[in-house]
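Listed below are the residues making up each chain.
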Amino acid sequence: MISNGPTRRLAQSAIIVSMTQNQSKKPLVSVIMATYNDERYVESTVKSVLVQTFSDFEYVIVNDGSTDDTLKILKKLAHLDSRITIIDQKNQGVVASRNNAIKYAQGKYIAIIDGDDQWIPQKLEWQIAELETNSKLSLIGGGLEMVSEDDIPLGFTCFTPDDQAIRYGMCISNQFIHSSVVYRREDALKIGLYPDTCPVEDYDFLSQITKLGTVKNLPFPVVRYRINSAGISSQTREAQAKLGNDISLQNWDAIEPSVISRGAIMENSLRYLRNPISSGFGVEIKHSYLFNMTRVGYRMINKGALIAGLRLLWNVASTGRTGLSIVTHWAKHIIDVKLKRTAA
């Protein structure tokens, strides 16, 4: 039981909340982290938050019944920085943990990080500036640097940054890396917090957030994302794929994507290539955009809109060699999958 400072009551009396000292005013941001048996990585994760160039935040960490030294490490770090609050609870799972943290949080914005990832030092500064200057922006994410369990760099991935492309992409798969997102706390409360659809609760939740305003991804990495073989995504891929497909179909019905003209696809591709941060990121975003448009085209065909789907695929393929190769690649992939199903 932790009792280093004043407490705020939560719905479950079994949860013990502690702060090293009281804050004189409500923070602008509440950083939320749910952690379970992350002793190997949690210290580096917490430190990546504490060194942010933006400092007006509280850091609410839920220890979800860890059986290793995670709590011991968290307590040590909490003594060093008054912004840290620890919620120590019996194991309830990641959905309950995040929801308990959001209920407890006081910030205008919620920023998510998982217990084995790390943030780029300017992450919050960049994202909060966007949210504070655009009242219609409900959700902002960013790209990721991938690292191995031993911190070996594995490359980077960027997602399409603008609202329409993200919405179309959400009809196929999640367009946000969860440890990168920041959203408004009032929106989270409005939609009823995270749903009990683990392991795709983040995709489900963020899909609901997109209905409340515009969305955006910063066109460069803001988080170091760890490829962790012990993570929930690696353990439950089959269930994740099925539930994720169900959510994508729900998003499809809500958004009803239409055909984008060849000219608009070309314009977006060139704009992404002119990304001011790095030409490398611009290429990655262009490929991501064409990849999503291709998958939307094939989904149109699969849902019975044959002419519209073929038009969209033609518009992508006719933008150049990259577009053509992506459309061809997915055609081969779909044929291979159908042949395997037929053979089975």
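In short, a report on the structure. (Residues numbered from 1 in each chain as written. Predicted model: local features only at pLDDT ≥ 70, side-chain atom pairs only at ≥ 80, totals over all residues. Heavy atoms only, no water.)

Notes on the overall build of the chain
Inference 1: Tallying secondary structure elements over the chain gives 13 helices and 10 strands in all.
Inference 2: When the 344 residues of the chain are sorted by exposure, 51% land in the buried category.
Inference 3: Considering only contacts within the chain whose residues lie at least 6 apart along the sequence, 78% involve residues at least 24 apart. (Helix = DSSP H or I, 4+ residues; strand = E, 2+ residues; numbered from the N terminus. Buried < 20%, exposed > 50% of the residue type's maximum accessible area, 1.4 Å probe, protein only. Contact = heavy atoms within 4.5 Å.)

Details of the pairing of strand β10 (residues 214–226)
Inference 1: Strand direction decides the pairing type here: strand β6 (residues 118–119) and β10, joined by 2 bridges, are antiparallel. Its bridge partner lying in β10, Gln118 is registered against Arg224.
Inference 2: Bridge count between strand β7 (residues 137–147) and β10: 10 bridges; the pairing is parallel. When the bridges of β10 are listed, Glu145 appears paired with Arg224. (Pairing = 2+ DSSP bridges.)

Let's talk about the pairing of strand β3 (residues 57–64)
Put simply, side chains in a regular strand alternate between the two faces of the sheet.
Inference 1: Taken across its 8 residues, β3 has 8 buried, putting it largely inside the fold.
Inference 2: Neither face of β3 is exposed, since Phe57, Tyr59, Ile61 and Asn63 on one face and Glu58, Val60, Val62 and Asp64 on the opposite face are all buried.
Inference 3: Following the chain from strand β2 (residues 29–35) across helix α1 (residues 42–50) to the adjacent parallel β3, one finds a crossover that is right-handed.
Inference 4: Note: β3 against strand β4 (residues 84–89), 6 bridges, orientation parallel. Bridge pairing in β4 places Val60 opposite Thr85. (Right-handed = clockwise from strand over helix to strand, strands pointing away.)

So, the packing of helix α11 (residues 279–302) against helix α12 (residues 306–317)
Inference 1: Contact pair α11 / α12: the axes reach a minimum separation of 7 Å and the direction vectors enclose 160 degrees. Classed by the angle they form, the pair α11 and α12 counts as roughly antiparallel. Once α11 is placed against α12, the crossing between them reads as left-handed. Residue-level inspection shows Leu290, Met293, Thr294, Val296, Gly297, Tyr298, Met300 and Ile301 of α11 in contact with α12, the latter providing Leu306, Ala308, Gly309, Leu310, Leu312, Leu313 and Val316.
Inference 2: A per-class count over the contact of α11 with α12 returns 12 nonpolar, 3 polar and no charged. (Axes fitted to C-alpha atoms, helices over the stretch in contact; angles between N-to-C directions. Parallel < 35°, antiparallel > 145°, perpendicular 65-115°, else oblique. Left-handed = near helix turned anticlockwise from the far one by under 90°. Nonpolar A, V, L, I, M, F, W, Y, C, P; charged D, E, K, R; others polar.)

Some details on the side chain of Ser179
Inference 1: One can find Ser179 in the loop between α5 (163–170) and β9 (182–184).
Inference 2: By relative accessible area, which is 1% here, Ser179 ends up buried.
Inference 3: Here Asp117 takes part through its side chain, which lies 2.7 Å from a polar atom of the side chain of Ser179.
Inference 4: Once residues lying within four places of it in the same chain are set aside, the contact partners of Ser179 are Ile112, Ile113, Asp114, Asp117, Trp119, Lys123 and Val223. (Polar contact = N/O pair within 3.5 Å; in protein donor to acceptor, adjacent residues only side chain to side chain.)

Overview of the pattern of salt bridges
Inference 1: Tallying each qualifying case throughout the model produces 15 salt bridges.
Inference 2: The closest approach of N and O atoms between Lys25 and Asp56, which form a salt bridge, is 3.4 Å. Taken together, the residues span a long stretch of sequence, with Lys25 in the loop between β1 (16–19) and β2 and Asp56 in the loop between α1 and β3 at a distance of 31 residues.
Inference 3: Judged by its relative accessible area of 53%, Lys25 is exposed.
Inference 4: Between Glu43 and Lys76 there is a salt bridge, and its shortest N-O distance comes to 3.3 Å. Taken together, the residues Glu43 in helix α1 and Lys76 in helix α2 (residues 70–78) connect sequence positions 33 residues apart.
Inference 5: Taking relative accessible area as the criterion, Glu43 reaches 25% and is therefore assigned partly exposed.
Inference 6: If you follow the salt bridges from partner to partner, you end up with Glu43, Lys47 and Lys76 in one network. (Salt bridge = Lys/Arg side-chain N within 4 Å of Asp/Glu carboxyl O.)

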